[in-house]
There are 2 protein chains.
Amino acid sequence: MICGDPVRMLSLVECLSRSGTLRRFSRILERIPNLSDPNAMTQTMTRRSTKQKQRSSKAPTKMAYYFSPTRTEGKGHQKQLLGGKGANLADMTSIGLPVPPGFTITTETCAAYAEAGNVLPSGLMDEVHKNVRMLEKETGKKLGAESDPLLVSVRSGAAVSMPGMMDTVLNLGLTDKSVDALAEATGNHRFAYDAYRRLINMFGDVVMGVEHEYFEAAFDKIKRKYKAKIDTDVPTAGMIELCDEYSKVYRKHVGEAFPQDPVRQLQYSIEAVFKSWNSPKAVVYRRVEGITGLPGTAVNVQMMVFGNMGDDSGTGVAFTRNPSTGENKFYGEFLINAQGEDVVAGIRTPRPVSEMPKWNRKVHKQLLEIKDKLEAHYKNMQDIEFTIERGKLYMLQTRNGKRTGPAAVKIAVEMVKEKLISQDEAIKRVPAEHLTQLLLPSFSDADKKSATVIAEGLPASPGAATGKLAFSAEEAVDRTLDGEDVLLVRKETSPEDIDGMHHARGILTSTGGMTSHAAVVARGWGKCCVAGAGALTIDAAKRTVTVNGKRYTHKDTLSIDGTTGEVLVGELKRTAPKLSGEFATLMKWADEARMLGVRTNADTPADAKRAREFGAEGIGLCRTEHMFFEGDRISAMREMILADNIKDREKALKKLLPHQRKDFQGIFTAMKGLPVTVRLLDPPLHEFLPQDKKAQAAMAKNLGVSPKQVERRVAFLHESNPMLGHRGCRLAVTYPEILKMQVRAIVEATIACKKRRIDARPEIMIPLVGTRDELALLRKLSLETIKEVKKAKKFTGKLEIPIGTMIEIPRAALTAEEIAEVADFFSFGTNDLTQLTYGFSRDDINTFLPSYLELGLLDGDPFQSLDQTGVGRLVELASREGRRSRADLKLGICGEHGGDPASIRFFEQIGLDYVSCSPFRVPVARLVAAQNALASR
Amino acid sequence: MICGDPVRMLSLVECLSRSGTLRRFSRILERIPNLSDPNAMTQTMTRRSTKQKQRSSKAPTKMAYYFSPTRTEGKGHQKQLLGGKGANLADMTSIGLPVPPGFTITTETCAAYAEAGNVLPSGLMDEVHKNVRMLEKETGKKLGAESDPLLVSVRSGAAVSMPGMMDTVLNLGLTDKSVDALAEATGNHRFAYDAYRRLINMFGDVVMGVEHEYFEAAFDKIKRKYKAKIDTDVPTAGMIELCDEYSKVYRKHVGEAFPQDPVRQLQYSIEAVFKSWNSPKAVVYRRVEGITGLPGTAVNVQMMVFGNMGDDSGTGVAFTRNPSTGENKFYGEFLINAQGEDVVAGIRTPRPVSEMPKWNRKVHKQLLEIKDKLEAHYKNMQDIEFTIERGKLYMLQTRNGKRTGPAAVKIAVEMVKEKLISQDEAIKRVPAEHLTQLLLPSFSDADKKSATVIAEGLPASPGAATGKLAFSAEEAVDRTLDGEDVLLVRKETSPEDIDGMHHARGILTSTGGMTSHAAVVARGWGKCCVAGAGALTIDAAKRTVTVNGKRYTHKDTLSIDGTTGEVLVGELKRTAPKLSGEFATLMKWADEARMLGVRTNADTPADAKRAREFGAEGIGLCRTEHMFFEGDRISAMREMILADNIKDREKALKKLLPHQRKDFQGIFTAMKGLPVTVRLLDPPLHEFLPQDKKAQAAMAKNLGVSPKQVERRVAFLHESNPMLGHRGCRLAVTYPEILKMQVRAIVEATIACKKRRIDARPEIMIPLVGTRDELALLRKLSLETIKEVKKAKKFTGKLEIPIGTMIEIPRAALTAEEIAEVADFFSFGTNDLTQLTYGFSRDDINTFLPSYLELGLLDGDPFQSLDQTGVGRLVELASREGRRSRADLKLGICGEHGGDPASIRFFEQIGLDYVSCSPFRVPVARLVAAQNALASR
C-alpha cells in the first residue's frame, strides 16, 4: 500500500476520505494555500469582487452535447458551457481515447432551470431523449431493456470544482425488470442485484433526500439474517431481498414507488443536480471562495462500465508524471475486479501500475500510449481515472494533476526542454506560493508517520525544527552556546526575546497569530515557528509545558513542523532543501519576464547575503531596532532611555554610534551595488526596558542607578496602546539626537565603504509619518547631519542618500500629495496600515479572528493577504496622489504582504516599483512578478 | 485699583504685562479660545489652508493715506490695506472725532519692501515728505523745528492683531536742537528731555536693536548720582545728562550718532516696522495661528499728544459698555498727568471714568458723546484709548472690545432692542465658544485673587469645584454618601472609577490630556475636571498628594478651576450660573436661523433632561457601558464575563436585562418625541474586571468562584492594544447573546413606553464596524430579536427602530458605499476615527503632543478640533459615498468634535444632518449652526 505517499492523497483524496492516514495528509495539504489546480488562478472565476454580476438569461438553444467515438459535439475549451468534466470527456473522445459514450447537458440549461423557478426548460427532455437514442444506437443497448440493458451514470460538473453540489448517481436504467436482464447479460446475478440496490440507495439518498441511515438499517437486517460480517459476505439471495427492502424504504420515505421508468430516473437525477447548484452548502462555498460569474453546473450522462465484472476487469488512478517529485514516469495504482467503492472499503490493497504488465500487458501498453497522447494534448501532467471492463480499457476522467512545489518546478522546466510548452507557459504554470517548499528543510514522511502529534498550532513560519525545550530567551542562548539544540517555548514573544529566538532552532508559542511577534520575526529569518498552539499550558517559572495532562520539561525533546503547525514528540529527522537546477532555470526565466522590482527585508549582513542568493535586488526594509539588543548595546540603549536630559542622552548615543556604523557597513557591503533602505528607530522605547522587577533591578545595578529610577522610567513609558503611542518618527521629533546618531552612522558607514570602493547605496526611511511637516522637519535634520558628517570626514565625493518615508498611517495615505513634496520615496508599511485601517491589533486579533473567518465576515487574515477594498484603496490613492505631486516618486511596499502573491499582483497593478519581502519569499515574489508581466502582455 | 477686574486686563493687558496680578489674568484668558475680537472668524484670514497663496506684487501706486479733520483719504473698511489701527484712525477722523492727524503707509508698501529684498519702494519717501508737509501745515508745527517742533509716533498695524512685530516708536522728531525748542514751547524742560531720552532709548532698542540693558545701566548710573530711588526722582539736570549718556550708548552700539535728521528717524522707523513683519517671531505666530493672505503690516505716523503736560492733562482707556457683564454703561479709567508708561510703572492708581466729572466735566461729557457716536458708527461695543493734552481730548484708538461670554450675549441682544443691529447680526456677533461661560459655576474673582495656586493642569472640563481629597472611587462614593464634598484625585481614571467620578464634586488627575478618560467623561457630565496636573505626585496607597514638597492628605481641601486648569488651596466660593433672559432670547433666534440638527451625548435620564433644557433635539449617542457599573449590575456583568459557555452567559445576561430595560425606559421618557441613538456595548470586556489582585479576590468571593479563575480570565482578556482589540461590534459577533439582550431591553422599554402613550424613538447603533458583512450580520440579528420581542409582548402597533452604525474605523469610511446598503444611518465617531487615522492613542498622546504643538507640527490637539485635511477627508468621503448608495442615509457625528465650532462648521458644510455633543456644548452647537446658516445665505 502506498497510502503514505502524497500521490495517493492527491488523487484519491475524495473517495479515500475515510482512510485515517490519508485524512491527515489531506488536512496538511489543505493548509498549504493554492495546492489545487496549478492553473486555478487563470480560470474563469473572479475572486473577491464585491458585487456579483447578474447574467441575463435566455433559454439556451442547444442544451445537450453528445460525445462518442462516432460523433462528438463539445470541445475541450468549452469548460464554461460543459463544465470541467464534460469538456474533458468530449476532448478525450475527440482525440480518440476510449471514453464510454454519453452526453453533457450544459451549464446554461442549469441557469435557465433556476431562473424559471426550478422548472426544466421546455425542449430539454426532447434533447435528452434524442441523445439517449443516439447512445442506444451507439452501444447497441437500450435503457430499461429487458435484455442487456443500457445503464448510465449522472454526474455534476461545473467549470470550477466545487464541493456542496450533488455528485454522482450510478447504474441509472436499472428497474425491477432490467435488473434481471443485466443478470442474464453478465451472467452474474449477484453483480446485477448489487448494482440495483446501490441505485435505489443512491437515488433515494442523493436525489430524493431519504436519510442514508434507513437504507443502512435495512442492510444491517439482511446482514444479520445471513450472518454476514461485511457487505461482500451477503449472498445473491440476500442481495435480491435487499433490493426489495430498499424499495420498501424508498416507498415509505418518498411516498411513491421507486420509478420503474429509466427516463424518469434520469429526469429526476438531472433535476437534482440542477437544484444542488443552489443548495445552501454550494452557495456558501461559492460566496466564501468568491467564485462568481458561473452560470451553473453541467450534467454528464454517460454509459456505465464496470471494473468489477471478474478478474479481467479492474479500476485505477494514475498521474502521467510523479506528482511528488515531478519525475517523468507514469505513476499510479490499480485494483483487479473492483469498483471505486471497493477501494474505499479499504479491504484490498491497490497495486502500482508498474506491476500491470504482469496482469494485462496490452492494457498497460495502451495506458502508456494514452499517457503520451494526453500530455501531448493537454501540455500538462494529467491525473487520470480508468476502468477495465472485461479486458477493455475505458478512460473515465482526466484533469491537470495536482503536484508538490518541487514537482511543479521540475515538470514545468522539463516540459520546456521536451518542447511541450514555452518558457512563458512554464512560468505561468508554477504556483508561486509552492516555491517556498523548495527552500526549507522538512521532516521525512516516514518519521512523521510514526511520530505522535500532541498539539497543532498555526503554521507561522514554515520549516522543521527539533530541540529540547527552553523557557526563556536567556536559557535558549545559554544552552545553544553550550551546544544544545533548543526550541524556545513561550506564551508569546517580545523584542526582549529576540536574542533567544535567534539562537533557538525553532520557536513555539501558545498564543499569538500568523502575524504575532514570534511569527513575523521567525518568517523574516526563515526560522521555523509554530504559533498559537493553544493546547499548550506553559509555566515558564516551573519550566514545564503541559498538554492534555502530560508534562514536558527542559529535558524533553519536541519537534515542530512550521509548514503544518504540528507539534510532535521526540526528535524527527530533517531533510535539507535541494535547490535543483530546474529551480535556478525557472528563476532565470522569471527574471527575464518580470517588470516589478523585488527587494528583501533584512537586518543583518547574513540575512542580506542569503536574500541576495535568493535574488533580492536590494533591501527594502532594514530595521534598526534589532541592532540594539545584542551584547552591551542594550546597556547603552537603556542608559540613553534613562537619561533625563539631552546631554546624558547624547553621551549614551555616542556609545551606540560605532556599533550602528559597523552594522551598516556590514549590510552595505553585503548589498553592494544595490539599494538598502534603512528605517530609523521605530518601536516605543519601553520595549528596550525589562518589564519584570528582577530584570529591572539587574539593569539598575548594571547602570549604577537606583532600582526606583528604573521602575519610575518604566512606569513613565508605559502606554495604554503602544501601537498608537510614542514611537516611529515621534521619537525623532522629541529626541532628535537619536535620529542624528542613526543618520551619522549611516553616512559614516557609507563613506567608509566608498573609501574601500564598495558601492554602498543607503536610503533613509522615516517611519510612522502622519503629516507633511513631520517629514519636512526630520528630512531637514537628516540633510543637515549628512552635510555635517561629510564635512567632518572631509568627504568630497558624490553622496546621494534619498530620504523617504513609510506610508503606514491612514492619514499619511490621505495626505500623500503633500507628503510627497518632501519625500524621495514612499514605502508602504502595510502591516501597520492594515492595523490602523481595520482597527485591528495584530497581537490581539486572535481573540475574534477565528469567529470572523468561520462566519465569513473576513475572506482571510488581512495581515496575510492585503485587503484590497479598504487598505488597498488607501495604497492606491496614496500612490496616485503622491505621484501627482512628484512624478518620479519611487514606490515600494515592505509589509508582510510583499511576499503574498495576490497582494503582489495588486501592488504591481497600481504601479508600485518594487515589493520587499522576507528573504524566503523573494523567489515567490520574483515568480509572481513574472506571471503578472506575462498576464498583462 | 481695579486690576482684578477683567476689564483692565482686557484693555491694558499689553502695557500692563509686568503687573503680576494681571499677568495671571492674561494667562487665563489666553487659555479660553477665541477670546479675541468677536468678529475674528469673519475676518480676512484663512485658517488651516495647507498651501499659502502667493501674492503677485506690484509697486503700489498710492502708498500713504492722510487723515486729519481737513482731509481724510482712507476708509474704515480698508483694513486689508491700512491695517486695523490705520483704518480705525481714518474712520474716527471721518466721523469728526478728535484724532491727532497723521498718515498711514499701506500694507502693500510693506509687501513691496519685502519683495524687493528689503528695499523701500521708490517714491515712498517722496510720499512721506508730502504727507509730513501736510501734517506740518495742519498742525502749524514743523518736524525738527527749533521752535514748537512737531513730534510724531510710528506704530505698526496689520489687518489682524499680531504679536511679534515691532510695535511703537514715540517722540520722533526730537533732536539735540529740537528738544530745547520743545522745552521752550511747553515751558517744561524736564518733560522735553524726558521725551528725548525715551526716544533715544526706544529708537535704539526697537529700531536699531541695541540691548535695552545698556540704557538701563546708564539710567542707573544717573539715578545713583542723583540719589534717585525711582525714575521720576531724577531732576531736569539729570534728564539732560541722561540724554547725553543715552546718545553715547547709542553711538557705541550702533556705530554712529543718533540721527539728528527727523526724516531719517522716520525712515529708519518705517523700515524697522516693515522688517518686523518677517521677524521669526511674527512668522511663527502667523504659521501657528494659520494666518495667511495678508500682504504685510501698515505703518501709522501720527502727531504726538501728551497726557503728561500737567494736571490739565491725562490719559485713559475705556469700554463703551461693561465688558464683563455687558451692562450698557460707560466703563473705564484714567490717570491725570500721565502717559501709558507711567501706568506700567504701577506707582499711581487710575481712577474710574465715573469720577472724571469732578476733574473735567467737559471732557467727560465729550467722552460720553463720543461713546454714543462710536457705537452708532461701529454698531458694536468699543474699546478706546484717549489722551487729554492741556484740557483737549484726543482719541488715539478704537476697536471692537473684547468681552466675556455673558457680556457678549447681553450686548448683542440689547443692541438688537436698541435697533443698532439686526437679530442675524446679534447671532453672528457672539463667539459660540463663550456660551459655555454662561452655563457653569465659577469661583469669585475676589476669592481667586487671595488664594494660592499650587499647580496648573489642563482645563479639561470647565467649572469650579471644591472638596476634600479622595484617593479612590470607593472612597469618593463613601465619603460623599457620608455628606462630605470630595474631589477625586487620581493619576488617571478608568471606567472602574466611574461611580466615584460621578459622586465626587470634581476630578483632578496628574496624567492624561484633554481627551483622557477623566476629561471626556467629566465634560460629558459637565463636571469640573483638571487633568494632567503634572506637578502633583499622587500616592494612592498612602493617600497623599505632594506638590513642590508640600503634602496634602484626605483631610485637606483643594479647589479646582476647570476653566483655567488651576489647582488652589482651600475652599473657594462658587457663584452659580445665571441663565439670563438674553441667553434664552439669543438661543431662540439661533434656532430660527439654523439648519443643522443638534443632539446630545447622554447616558442617563438626568443628563437627557438637562440636555433637553439646553435645547438638544434628541440623543445622538447613548452609551450603554456606564449602565453596567452601578450597584449589583457589575456583579452580573462580571458573571457574564467569567462564563465560559453560552448558557451561563445567557443566565447572567438575564439578570442584566431588567436593569437595562429600566435605564432605557427612563431615557426614552426623558427624551419622548425625540430620537435616542443607543450604542450597543463598546469597550473591551476586561474594562469591567478589576485589575488589582485584592479586588479580584473580592470579586471571586462575591461570585463564588476561585480567585485563580478570575485571575485567569483577566489574563486571558489582557490585550496589548485594547483600543484595537476585541471590542465594539466584535463583541457582538463573538457573543451575539450580549447584543440580543441589549436589543431586547431596548424593544421592551419602547413597548412599555408606548403602552403608556410615551413616544419613545430609539435607534440602534452598532459600534466599530469595519466591513459591510459585520453590520449585515448584526442588523439581521437585531431585526430578528425585535421581531421576537414584538411577538412575545404581543405588540401589534407600529415599531420602527432604525439600525445604523458608527463610522469610526478608517476602513468603514473607505467602504461606506457598501456599508450604507445595510445601514439606516451613519454616526461618525470622530474620536476613534482620529485615533486610527493619525495612529494616535488619546491616552498616550501627551508624551509627544506638547513637542508637536511647540514645533508647529500640529495646529492643535486633533481630538479637540477635527483634522479636516486627513480625518475630515474620510468623513467627507464616507458621507458622499454612503449617500451614493442610499440617498436618504441619515448622517450625524457623535465624537467630541460635535461641540467644537470649527468642526461643526466643517460637518455642516459636508452635508451632515446633525451633530451630537455633550449637554453643555449643546447651546454652543446651536449658535454655531445658526452662524453657519447665516454665513451661507
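Everything below is about the structure printed above this text.
Along every chain, residues carry numbers that run from 1 in the direction the sequence is written. Just so you know, chain letters begin at A and ligand numbers begin at 1, following the order they were written in. Only residues with pLDDT of at least 70 get local features here, since the model is predicted, and only at 80 or more are side-chain atom pairs given and counted; chain-wide, interface and lining totals rely on the full set of residues. The basis for every side-chain value is the complete set of non-hydrogen atoms in the structure, without hydrogens or water.

## As for the overall build of chain A
- By the criteria applied, helices consist of DSSP H or I runs no shorter than four residues and strands consist of E runs no shorter than two, each listed in order from the N terminus. Of the regular secondary structure elements, chain A holds 36 helices and 34 strands.
- As defined in this context, the radius of gyration uses C-alpha atoms, and a globule is described by 2.2 Å times the residue total to the power 0.38. Against the compact-globule benchmark of 30 Å for 937 residues, chain A has a radius of gyration of 33 Å, which places it among compact chains.
- Overall size of chain A, expressed as C-alpha extent along the three principal axes, is 105 × 60 × 50 Å.
- In chain A, which comprises 937 residues, the share counted as buried stands at 60%. Burial classes follow relative accessibility: with a 1.4 Å probe on protein chains only, a residue under 20% of its type's maximum area counts as buried, one over 50% as exposed, and anything between as partly exposed.

## Details of the interface of chain B and chain A
- We call two residues in contact whenever any of their non-hydrogen atoms come within 4.5 Å of each other. On the chain A side, the residues contacting the 49 residues of chain B number 49 residues.
- When two parts are brought into contact, each loses some accessible area as probed by a 1.4 Å sphere; the total of that loss over both is the buried area. When chain B packs against chain A, the two sides together hide about 4400 Å² of surface, and 57% of this comes from carbon and sulfur.
- Looking at the side of chain B facing chain A, the largest losses of area belong to B:Leu724, B:Arg811 and B:Arg873, adding up to 14% of the total buried there.
- Between Lys or Arg on one side and Asp or Glu on the other, a salt bridge is scored when a side-chain nitrogen of the former is within 4 Å of a carboxyl oxygen of the latter. Between chain B and chain A we count four salt bridges in total.
- Polar contacts, as counted here, are pairs of nitrogen or oxygen atoms within 3.5 Å of one another; within protein the pair requires one atom able to donate a hydrogen and one able to accept it, and residues that are adjacent in sequence qualify only if both atoms are side-chain atoms. Connecting chain B to chain A are 24 residue pairs in polar contact (both at pLDDT 80 or more).
- Residue assignment for the side of chain B that touches chain A shows that the elements contributing at least two residues are helix H27 (729-734), helix H29 (772-792), helix H30 (810-814), helix H32 (830-838), helix H33 (849-854) and helix H34 (871-885) of chain B.

## Topic: the sheet that holds strand S23 (residues 550-553) of chain B
All names here are of chain B.
- The sheet built from three strands is open, its strands ordered S21-S22-S23 with antiparallel pairing. Only two strands of the sheet have a single neighbouring strand rather than two, namely strand S21 (536-539) and S23. On average, each strand axis in the sheet is tilted by 25° relative to the strand beside it, whichever way the strands run.
- For two strands to count as paired, DSSP must find a minimum of two bridges between them. In this sheet, strand S22 (residues 544-547) lies alongside S21 in antiparallel orientation, the contact comprising four bridges. Between the N-to-C directions of two axes lies an angle of 0 to 180 degrees, each axis being a line fitted to C-alpha atoms and, for a helix, fitted only over the stretch in contact.

## Regarding the sheet that holds strand S28 (residues 619-623) of chain A
Residues and elements named next belong to chain A.
- The strand order S27-S28-S29-S30-S31-S32-S33-S34 describes a closed barrel built from eight strands, whose pairing is parallel. Strand-to-strand twist in this sheet, taken as the mean axis angle between neighbours without regard to direction, amounts to 30°.
- Pairing of strand S32 (residues 825-828) with strand S33 (residues 890-893), which is carried by four bridges, proceeds in the parallel orientation. Bridge pairing in S33 links Phe-826 to Leu-891.
- Contacting S28, strand S29 (675-679) and strand S30 (761-766), helix H24 (residues 646-670) crosses the sheet at an angle of about 150° to S29.

## Focus: the side chain of A:Gln302
All names here are of chain A.
- In this fold, Gln-302 is placed in strand S8 (residues 298-303).
- Polar contacts involving the side chain of Gln-302 include one to the main-chain carbonyl oxygen of Pro-100, which spans 3.1 Å.
- Those residues in contact with Gln-302 that sit more than four places away from it in its chain are Phe-67, Leu-89, Val-99, Pro-100, Pro-101, Gly-102, Leu-151, Val-152, Ser-153 and Arg-155.

## Concerning the packing of aromatic side chains
- The aromatic pairing rule takes the rings of Phe, Tyr and Trp, using the six-membered ring of Trp, and pairs them if the centres are within 6.5 Å, calling planes under 30 degrees apart stacked, those over 60 edge-to-face and the rest tilted. Scanning the model with the defined rule gives 36 aromatic pairs over all chains in all.
- Residues A:Phe664 and A:Phe668 carry aromatic rings whose centres are separated by 5.9 Å and whose planes lie at 10° to one another, so their mutual orientation is stacked. Taken together, the positions of A:Phe664 and A:Phe668, both in helix H24 and four residues apart, correspond to about one turn of that helix. Pair check on accessibility: A:Phe664 and A:Phe668 agree, each one buried.
- Centre to centre, the rings of B:Phe191 and B:Phe306 are 4.8 Å apart; their planes meet at 90°, and the pair counts as edge-to-face. On the criterion of sequence distance, the pair formed by B:Phe191 in helix H7 (residues 189-207) and B:Phe306 in the loop between strand S8 (298-303) and strand S9 (314-319) is long-range, its members being 115 residues apart. Exposure class is identical for B:Phe191 and B:Phe306. Each is buried.
- Grouped by ring-pair contacts, the aromatic residues A:Tyr196, A:Phe203, A:Tyr250, A:Phe258 and A:Tyr268 constitute a single cluster.
- Think of it as a cone above the ring: NZ of Lys or CZ of Arg counts as a charge over the ring if it is within 6 Å of the ring centre and within 35 degrees of the ring normal. The ring of A:Tyr552 is capped by A:Lys550, whose NZ or CZ atom sits 5.3 Å from the centre of that ring.
- Geometry around B:Tyr65 places B:Lys62 over its ring, the cationic atom sitting 4.9 Å from the centre.

## What to know about the pairing of strand S10 (residues 331-336) of chain A
Residues and elements named next belong to chain A.
- S10 sits mainly inside the fold: six of its six residues count as buried.
- One ladder, built from six bridges, connects strand S9 (residues 314-319) with S10; its direction is antiparallel. Looking across to S10, one finds that Ala-318 is bridged to Gly-332.
- Two elements, S10 and strand S11 (residues 351-352), share two bridges in a ladder whose sense is antiparallel. The residue of S11 that forms the bridge with Glu-333 is Pro-352.

## Observations concerning the relation of the copies chain B and chain A
- Least-squares fitting of chain B to chain A yields an RMSD of 0.4 Å, with the superposition described by an axial translation of 0.4 Å and a rotation of 180°. Taken together, the rotation and translation describe the operation of a two-fold axis. Closest approach to the rotation axis within chain B is made by the C-alpha atom of B:Asn721, at a distance of 2.2 Å.
- The fraction of interface residues of chain B whose copies in chain A are also interface residues reaches 100%, indicating that both copies meet through the same surface. Each copy is superposed on the other by least squares, with the fit set by C-alpha atoms of residues at a pLDDT of at least 70 in both.

## Comments concerning the packing of helix H35 (residues 901-909) of chain B against helix H36 (residues 922-935) of chain B
All names here are of chain B.
- Two elements in contact, H35 and H36, have axes whose closest approach is 9 Å; the angle formed by their N-to-C orientations is 50°. Classified by the angle their axes make, H35 and H36 are oblique. When you trace H35 past H36, the crossing you get is right-handed. In contact with Pro-901, Ile-904, Arg-905 and Glu-908 of H35, H36 contributes Val-924, Ala-925, Val-928, Ala-929 and Asn-932.
- As a working rule, the residues Ala, Val, Leu, Ile, Met, Phe, Trp, Tyr, Cys and Pro are called nonpolar, Asp, Glu, Lys and Arg charged, and the rest polar, with Gly in that last group. Class assignment of the residues belonging to the contact of H35 with H36 gives a composition of six nonpolar, one polar and two charged. For classification purposes, an angle smaller than 35 degrees is called roughly parallel, one larger than 145 roughly antiparallel, one from 65 to 115 roughly perpendicular, and anything else oblique. When the near helix sits turned anticlockwise from the far one by under a right angle, the crossing is termed left-handed; a clockwise turn instead gives a right-handed crossing.

## So, the pattern of salt bridges
- Applying the stated rule across the entire model yields 122 salt bridges over all chains.
- Across the pair A:Glu433 and A:Arg921 runs a salt bridge, and its minimum N-O distance is 2.9 Å. Taken together, the residues span a long stretch of sequence, with A:Glu433 in the loop between helix H15 (423-429) and helix H16 (436-439) and A:Arg921 in the loop between strand S34 (914-917) and helix H36 (922-936) at a distance of 488 residues.
- Overall, A:Glu433 belongs to the buried group, its relative accessible area being 13%.
- Residue A:Arg921 is classed as buried on the basis of its relative accessible area of 17%.
- Among the salt bridges present, the one from B:Arg543 reaches B:Glu475, with a minimum N-O distance of 2.7 Å. Residue B:Arg543 is found in the loop between S21 and S22, and its partner B:Glu475 is found in helix H18 (residues 473-481); the two are separated by 68 residues along the sequence.

## What to know about the nonpolar core
- The definition of a nonpolar core used throughout is a set of buried Ala, Val, Leu, Ile, Met, Phe, Trp, Tyr and Cys residues joined through side-chain atoms within 4.5 Å. Grouped together as the largest cluster of nonpolar side chains are 321 residues, with contacts concentrated most on A:Phe826 and B:Phe826.
- With sequence-adjacent residues up to four places away left out, B:Phe826 is seen in contact with B:Thr805, B:Ile807, B:Ala816, B:Ile819, B:Ala820, B:Ala878, B:Gly882, B:Leu889, B:Lys890, B:Leu891 and B:Gly892.
- Residues B:Tyr246, B:Leu266, B:Val299 and B:Met303 belong to the second largest nonpolar core, which totals 73 residues.

Keep in mind that these numbers describe shape and distance, not what the molecule does.
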